[in-house]
Amino acid sequence: MTREKMAEELFQAGKEVKRSFLGVAEASRTGGTIDGAFYLQCVQILKNLNVLYQAIETGEESFDRLIEDLSERAADLFDLDGEEAFVSAFVSVLDRMLMHTVRFRQRYCLIRRNDAVPGLASHIITNLGQIVASLDSGYIPVIDTIQADNILTDLSRQYAVNAWELYFGQPFIPISEVMADGKEVRILDGIPGFMPSYDMDCLKNPELMSFWRGIMKEYMPVSAALFDSVRKCLEKLPFGNGEKILGVLCRGTDYTNIRPYNHPVQPPLKSILEKADEFMRLYGCDYCYLATEDEKILQAFQNRFKGRLLTTQEIYYESDLKDTINDANSRRSIDLHQKNMEYLTALIVLSKCRYFIGGRTSGTVVSLLFSKGFEAEYIWDCGRYGIDDALTLKSYIC
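Keep in mind that what you see is a predicted model, and the values were worked out from it rather than measured.

> Mind showing me how you'd approach the sheet that holds strand β4 (residues 245-249) here?
Two modes of strand pairing occur in sheets, parallel and antiparallel, and in both the strands are linked by backbone hydrogen bonds. Within the open sheet, the five strands sit side by side as β6-β5-β4-β7-β8. Their pairing is parallel. One side of each edge strand has no neighbouring strand; the edge strands of this open sheet are β6 (309-310) and β8 (376-380). Running over the sheet, helix α14 (residues 295-305) touches β4, β5 (287-291) and β6 and is turned about 175° from β5.

> Where do I start with the pairing of β8 in this structure?
In summary, the side chains of a regular strand alternate between the two faces of the sheet. Bridge count for strand β7 (residues 355-359) against β8 is five bridges, and the pairing is parallel. Across the sheet, Tyr 355 pairs through a bridge with Ala 376, a residue of β8. The handedness of the β7 to β8 crossover, carried by helix α17 (residues 362-370), is right-handed.

> It is not clear to me how the side chain of Glu 83 should be interpreted in this structure. Could you clarify?
Take Glu 83: it is sitting in helix α4 (residues 80-105). Overall, Glu 83 belongs to the buried group, its relative accessible area being 3%. In contact with Glu 83, other than residues within four places in its own chain, are Ser 28, Arg 29, Ile 34, Tyr 39 and Leu 77.

> Would you take a moment to explain the sheet that holds strand β1 (residues 108-111) for this structure?
Spatial strand order, β2-β1-β3: three strands in an open sheet with parallel pairing. Taken across any chain shown, the strands that pair with only one partner, and hence form the sheet edges, are β2 (140-143) and β3 (185-188). Within this sheet the neighbouring strands show an average axis-to-axis angle of 30°, counted without direction. Direction of pairing for β1 relative to β2: parallel, over a ladder of four bridges. In the sheet register, Tyr 108 faces β2, and the bridge partner there is Ile 140. Strands in contact with helix α5 (residues 120-136) are β1, β2 and β3; relative to β2, the strand with the most contacts, it is inclined by about 155°.

> Which parts of the structure should I look at to understand unusual backbone geometry?
Leaving glycine out, the prevailing phi sign among residues is negative, and the prevailing peptide bond configuration is trans. At Gln 106, a position not held by glycine, the phi torsion is positive, near 55°. In this structure, Asn 262 takes a positive phi of about 70° despite not being glycine. As for its placement among the helices and strands, Asn 262 is situated in the loop between α12 (253-258) and α13 (269-282). Take Asn 262: its relative accessible area is 37%, and that puts it in the partly exposed class.

> Help me understand the environment of Leu 46, please; the structure alone is not making it clear to me.
The topology assignment puts Leu 46 in helix α2 (residues 36-56). By relative accessible area, Leu 46 is classed as buried at 0%. Spatially, the C-alpha atoms of Leu 46 and Gln 299 are 61 Å apart, while their sequence positions differ by 253 residues. Aside from chain neighbours lying at most four places away, what touches Leu 46 is Ile 67, Leu 70, Phe 90, Val 93, Leu 94 and Met 97.

> Would you mind showing me how to read the pattern of salt bridges here?
Between side chains of opposite charge, a pair can form when the charged atoms approach closely. If you walk through the whole model with that rule in mind, you get 23 salt bridges. Lys 204 serves as the salt-bridge partner of Glu 377, at 3.6 Å between the closest nitrogen and oxygen. With a gap of 173 residues between them, Glu 377 in strand β8 and Lys 204 in the loop between α9 (200-203) and α10 (206-219) connect regions that are remote in the sequence. Given the relative accessible area of 25%, Glu 377 is considered partly exposed. Here Lys 275 ties to Glu 278 by a salt bridge, and the two come within 3.3 Å at their closest N and O atoms. Highlighted residues: Lys 275 and Glu 278, both in helix α13, separated by three residues, approximately one helical turn. What makes Lys 275 buried here is its relative accessible area of 14%. Salt bridges here are not isolated pairs; linked through shared partners, they connect Glu 8, Arg 105, Arg 107 and Glu 184.

Definitions and limits used
- Residues numbered from 1 in each chain as written.
- Predicted model: local features only at pLDDT ≥ 70, side-chain atom pairs only at ≥ 80, totals over all residues.
- Heavy atoms only, no water.
- Pairing = 2+ DSSP bridges.
- Helix = DSSP H or I, 4+ residues; strand = E, 2+ residues; numbered from the N terminus.
- Contact = heavy atoms within 4.5 Å.
- Axes fitted to C-alpha atoms, helices over the stretch in contact; angles between N-to-C directions.
- Right-handed = clockwise from strand over helix to strand, strands pointing away.
- Buried < 20%, exposed > 50% of the residue type's maximum accessible area, 1.4 Å probe, protein only.
- Salt bridge = Lys/Arg side-chain N within 4 Å of Asp/Glu carboxyl O.

If you want it as structure tokens, here you go:
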């Protein structure tokens, strides 16, 4: 059997072992009875997988000592805390073994999203989901904005690079290496079935948010340029000395004017200002940091908080914008790279605040994922445009 075939067998068998292992571990956890014999059998299976892994000769880490440690722990399980630690350690070893196998196989998945309407935060969310889908299928994910048709495609042509890499590093290797590699490549397009979401079921689920924060940290590192942009902004702002800063994300312009179907309804400006006042008083905040694209919203916050208001953005739009921001950018000859950079910088600065309020948007999701969690947060859930928002409900004759 060739090393490639052994790698294929290892990957498929490893996934099945993990599925069965987690199923029994969950049953044990809920049933309250620890099956030490089963866990010893699982360690033996892991040893068998390790034989295949060693035969492949990936050149990566050895798992011999870790597996022996698992064997010793499985023979000495007596409480649920020990069982939980054992399960986590077992899964960690198996995941790393499978990940090294994926890299050895060198099968690539080009992640493309052919949709020119969604903004950058939406692409971040869907790309996170596609990264997970790609790895779970045994393929190395590579985000492609060169051969796609979306908001980054023109930038790819303008800068003669994969525009995604202006803002984020690839999960493993740059797209240029894939194109020159001659290895197996598949295309992953559209919207993944599993991804971070601005649904409250996701935003209020600590384990789910922790999962996606881990995926973002591991596979979506910010570029050197974006890191430097955030650093310069933070140096100019009163962060780092214990200041209590409230972060506010407030969408307006085309979002609230066009009311995109099935998208979350944004709260009224009056409600946001009142909630910001409440948070500032309740938590003794020193400053309010605002991220918005709307001139009217900016002016309202300036009037309310004056010298206590912090901002970092330079590009704003009229509140009564009748077309999309993308169209407005074309009319005003906006530098899209600058706009993207300051937008992402604002989302990351938001994530550094101690408190957060905002409507349900893709930008809110991204800020939450960049953060380690806020001490307190408030996210409006006002329904969806054209589905269950107040105006649509009033439209029914019943």
